[in-house]
Amino acid sequence: YFGCPVVTELATLGNEGTAVSCCRAMIVSCLACKEGITKDEYCAKFPSYFGCPVVTELATLGNEGTAVSCCRAMIVSCLACKEGITKDEYCAKFPSFFGCPVVTEPARVIDSHL
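Described in the following lines is the structure provided in the data block. Remember, it's a predicted structure, so these values are computed and weren't measured experimentally. (Residues numbered from 1 in each chain as written. Predicted model: local features only at pLDDT ≥ 70, side-chain atom pairs only at ≥ 80, totals over all residues. Heavy atoms only, no water.)

### Remarks on the state of the cysteines
Every disulfide links exactly two cysteines, by a covalent bond between their sulfur atoms.
Stage number 1. Applying the stated rule across the entire model yields five disulfides.
Stage number 2. Between Cys22 and Cys33 runs a disulfide, and the two sulfur atoms are separated by 1.8 Å. Torsion about the S-S bond of the Cys22 and Cys33 cystine: about -75°, corresponding to left-handed handedness. Residue Cys22 is located in strand 2 (residues 18–23), and its partner Cys33 is located in helix 1 (residues 28–35); the two are separated by eleven residues in the primary sequence.
Stage number 3. Paired by a disulfide, Cys91 and Cys100 hold their sulfur atoms 2.1 Å apart. In this structure the cystine formed by Cys91 and Cys100 twists about its S-S bond by roughly -85°; its chirality is therefore left-handed.
Stage number 4. Overall, Cys91 belongs to the buried group, its relative accessible area being 12%. (Disulfide = S-S within 2.5 Å. Helix = DSSP H or I, 4+ residues; strand = E, 2+ residues; numbered from the N terminus. Buried < 20%, exposed > 50% of the residue type's maximum accessible area, 1.4 Å probe, protein only.)

Structure (structure tokens):
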């Protein structure tokens, strides 16, 4: 847990066979150390692991046909990018999607004098 002392264990680094001390936390640097590889190699092996850089893919933006790099997370900005539209346009298309502003109807005034 955050704030607790880091407990270490011995592992071997790559094919060199030299003993190194690796932390036991479930974070990229510790897991890579345990496997005897670099953080970049670990993220290449497990790209969706928390702490690895967000993998991007190419999409086209609107009708312009310009290639842009879009993230793959399931959030409004990434999904809008993949569709080649703005976040506002995405939220208009999918108003109940998490991350879109909640649209409320204005309160109706009831005339009691009728």
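### Structural notes on helix 1
Stage number 1. Residues of helix 1 that are buried include every one of Val28, Cys30, Leu31, Ala32 and Cys33, and no others.
Stage number 2. One or two residues past the end of helix 1 sits Gly36, with phi positive at roughly 75°.

### Remarks on the pattern of salt bridges
Stage number 1. Scanning the entire structure with this criterion turns up two salt bridges.
Stage number 2. A salt bridge links Lys45 to Glu35; its shortest N-O distance comes to 2.8 Å. Within this pair, whereas Lys45 is found in helix 2 (residues 39–45), its partner Glu35 is found in helix 1, the two being separated by ten residues in sequence.
Stage number 3. The salt bridge partner of Glu83 is Lys93, with a shortest N-O separation of 2.9 Å. (Salt bridge = Lys/Arg side-chain N within 4 Å of Asp/Glu carboxyl O.)

### Some points on the packing of aromatic side chains
Stage number 1. With the rule as written, the count across this model stands at four aromatic pairs.
Stage number 2. Centre to centre, the rings of Tyr42 and Phe46 are 4.8 Å apart; their planes meet at 45°, and the pair counts as tilted.
Stage number 3. Residue Tyr42 is classed as buried on the basis of its relative accessible area, which comes to 6%.
Stage number 4. Note on Tyr90 and Phe94: the rings are 4.8 Å apart at their centroids and 40° apart in plane angle, and the pair reads as tilted.
Stage number 5. For Phe94, a relative accessible area of 33% gives the class partly exposed.
Stage number 6. One aromatic cluster in this structure is built from Tyr42, Phe46 and Tyr49. (Phe/Tyr/Trp six-rings, centres within 6.5 Å; stacked < 30°, edge-to-face > 60°.)

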